Amino acid sequence: MGPRLADIARHAGVSEATVSRVLNDKPGVGSETRKAVLTALDVLGYERPARLRQRSAGLVGMVIPELDNPVFPMFAQAAEGALAQRGYTPVLCTQTPGGITEDEYVELLLERNVSGILFVSGKHADTTASHERYRSLVSRRLPIVLVNGFAPEIPAAFISCDDREAGRLAVDHLVALGHTRIGFTSGPERYVPVRRKLEGYHAALRDHGLDGDDLVELSLFGVEGGHAAANRLIDRGVTAMVCGSDMMALGAIRAARQRGLRVPGDFSVVGYDDSQLIAFTDPPLTTVRQPVHAMALAAARALCDEIAGHPVSHTEFVFGPELVVRGSTGIAPGLGAGAARTPDGAAVQGSAL
């Protein structure tokens, strides 16, 4: 059933003649009035005539590692919305073990004449991988933006979270709760974000006069990796863990519970990302929030500016993380209820943390 002029006119607050002029793309209608009529058409569920549909400014590729970690769909959704608002049609490329590789996705995107590519936690974050693939794209004058994983030899814009500060925030919080045996786990050390978190972890421990050299257990990203690392660190006497992702933190909590430990009564866990639904886990997870939405908008804006020919600084734009305290961290065992520590490590009573 086609649109009824009377319904559209009533909803837009204009005459039927005005609606007819807009639908037939006739001149003589102000931009605000035209916008009101098209909005009414959309709201009432009518399809716009082909000549009035917004034309895509072009395709933009978005290559992300996988969708199992909820933080990546969060990023993709925010970036897709920002790109669509600027008229670009995003092409989402997700990688799975044994599936299409990043390089194969790039070839497919180039065949489709994309206007630019956004890489999230890609090979650029791997210090052992060749970065020639990115330099080759830049030499072809294809705009690219890289998220989470700075490589200074690639002449492109980078969007990152301050991973060193993330490691510091987690350690400072646990030390304030009286913990002195604090373990660390994340993915393989060859990845830039892992190295930076580890640097922040060690720096914070040194600031508090603590040593964590024997309390680092790098594993695989994901629940299983966190579970395995937690078992090994618990054997070394840790009472708390800093994890490189929320998924690893959930694995650590599972390992602790399987060994009869209470979380947070006997064992505290801090995650990283603050992905969706993490506030509703049991217990609600204390985590370091990565500002995914702000980073996604910045990445989309930088890519669109590059595509439009506006110069973008080929440097790293760093966004600050935020500690979100929930229910997976508590006073260190043995300190007693209400006991905590000041930043210099002295035990105090009745601190409200």
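A short tour of the structure in this document, coming up. (Residues numbered from 1 in each chain as written. Predicted model: local features only at pLDDT ≥ 70, side-chain atom pairs only at ≥ 80, totals over all residues. Heavy atoms only, no water.)

### Focus on the overall build of the chain
Next, step 1: Within the chain, the regular secondary structure consists of eleven helices and 13 strands.
Next, step 2: Counting across all 353 residues of the chain, residues that qualify as buried make up 48%.
Next, step 3: Relative to all contacts within the chain whose residues are 6 or more apart in sequence, the contacts with residues 24 or more apart total 69%.
Next, step 4: Split by element, the accessible area of the chain, about 16,300 Å² in all, is 51% carbon and sulfur.
Next, step 5: The positive charge centre, built from 35 side chains, and the negative charge centre, built from 40, are 6 Å apart in the chain. (Helix = DSSP H or I, 4+ residues; strand = E, 2+ residues; numbered from the N terminus. Buried < 20%, exposed > 50% of the residue type's maximum accessible area, 1.4 Å probe, protein only. Contact = heavy atoms within 4.5 Å. Areas by Shrake-Rupley, 256 points an atom, 1.4 Å probe, with all protein chains shown as cover. Lys, Arg positive; Asp, Glu negative; His and termini not counted. Charge placed at Lys NZ, Arg CZ, Asp CG, Glu CD.)

### Concerning the sheet that holds strand β1 (residues 58-64)
Next, step 1: Across the sheet, which stays open at both edges, the six strands sit in the order β2-β1-β3-β4-β5-β10 with parallel pairing between neighbours. The open sheet terminates on both sides in strands that have one partner only, identified here as β2 (88-94) and β10 (316-319). Averaged over all pairs of adjacent strands, the angle between their axes in this sheet comes to 20°, without regard to strand direction.
Next, step 2: Each of β3 (116-120) and β4 (144-147) touches helix α6 (residues 132-139); the most contacted strand, β4, lies at about 150° to it.
Next, step 3: Against the sheet, helix α11 (residues 292-307) touches β1, β2, β3, β4, β5 (157-161) and β10, its axis set at about 160° to β4. (Pairing = 2+ DSSP bridges. Axes fitted to C-alpha atoms, helices over the stretch in contact; angles between N-to-C directions.)

### Comments concerning the side chain of His 227
Next, step 1: Take His 227: it is sitting in helix α9 (residues 223-235).
Next, step 2: With relative accessibility at 16%, the residue His 227 sits in the buried group.
Next, step 3: In this structure His 227 touches Gly 251, Ala 252, Arg 254, Ala 255 and Gln 258, once residues within four positions along its chain are discounted.

### Describing the packing of helix α7 (residues 163-176) against helix α8 (residues 192-207)
Next, step 1: It is the contact of α7 with α8, at a shortest axis distance of 7 Å, that shows an interaxial angle of 40°. Classed by the angle they form, the pair α7 and α8 counts as oblique. Crossing of α7 over α8 shows right-handed handedness. Each of Asp 163, Arg 164, Gly 167, Arg 168, Val 171 and Asp 172 in α7 lies in contact with α8, whose residues at this interface are Pro 193, Arg 196, Lys 197, Glu 199, Gly 200, Tyr 201, Ala 203, Ala 204, Leu 205 and Asp 207. (Parallel < 35°, antiparallel > 145°, perpendicular 65-115°, else oblique. Left-handed = near helix turned anticlockwise from the far one by under 90°.)

### Looking at α8
Next, step 1: Taking 1.5 Å per residue, 16 residues should reach 22 Å; α8 reaches 23 Å between its end C-alpha atoms and fits that length.
Next, step 2: A large share of α8 lies buried, amounting to twelve of its 16 residues.
Next, step 3: The inward-facing, buried residues of α8 abut β5, α7, β6 (182-185), β8 (268-273) and β10.
Next, step 4: Gly 209 occupies a position one or two residues after α8 and carries a positive phi of about 70°. (Expected span 1.5 Å × (residues − 1).)

### Remarks on the packing of helix α2 (residues 16-23) against helix α3 (residues 31-43)
Next, step 1: In the contact formed by α2 and α3, the axes pass within 10 Å of each other and the chain directions differ by 85°. When the axis of α2 is compared with that of α3, the two are roughly perpendicular. Where α2 approaches α3, its residues Thr 18, Val 19, Val 22 and Leu 23 are matched on the opposing element by Thr 33, Arg 34, Val 37, Leu 38 and Leu 41.

### Remarks on the sheet that holds β8
Next, step 1: Here we have five strands laid out as an open sheet, ordered β6-β7-β8-β9-β11, and mixed in their pairing. On the outer flanks of this sheet lie β6 and β11 (322-324), each paired with one strand and no other. Neighbouring strand axes in the sheet, compared pairwise and without regard to direction, differ in orientation by 20° on average.
Next, step 2: In the sheet, β6 pairs with strand β7 (residues 240-243) via four bridges, with the strands oriented parallel. Bridging from a neighbouring strand, Gly 183 pairs with Met 241 of β7.
Next, step 3: The strands that α7 touches are β6, β7, β8, β9 (286-289) and β11; relative to β8, the one it contacts most, it runs at about 160°.
Next, step 4: Each of β6 and β8 touches α8; the most contacted strand, β6, lies at about 170° to it.

### What to know about the pattern of salt bridges
Next, step 1: Counted according to the given criterion, the structure contains 19 salt bridges.
Next, step 2: Among the ionic pairs, Asp 163 bridges to Lys 197, the shortest N-O distance being 2.8 Å. Taken as a pair, Asp 163 in helix α7 and Lys 197 in helix α8 lie far apart in primary sequence, 34 residues in all. Taken individually, Asp 163 and Lys 197 each receive the classification buried, so the pair is uniform in this respect.
Next, step 3: Two residues, Glu 217 and Arg 232, come together in a salt bridge whose shortest N-O distance is 2.8 Å. Placement of Glu 217 in the loop between α8 and α9 and of Arg 232 in helix α9 is noted, with a sequence separation of 15 residues between them.
Next, step 4: Overall, the relative accessible area of 12% leaves Glu 217 in the buried class.
Next, step 5: Classification of Arg 232 by relative accessible area gives partly exposed; the value is 36%.
Next, step 6: Connected through salt bridges with shared partners, the residues Asp 274, Arg 289, Glu 322 and Arg 326 form a single ionic network. (Salt bridge = Lys/Arg side-chain N within 4 Å of Asp/Glu carboxyl O.)

Keep in mind these values describe shape, not function.
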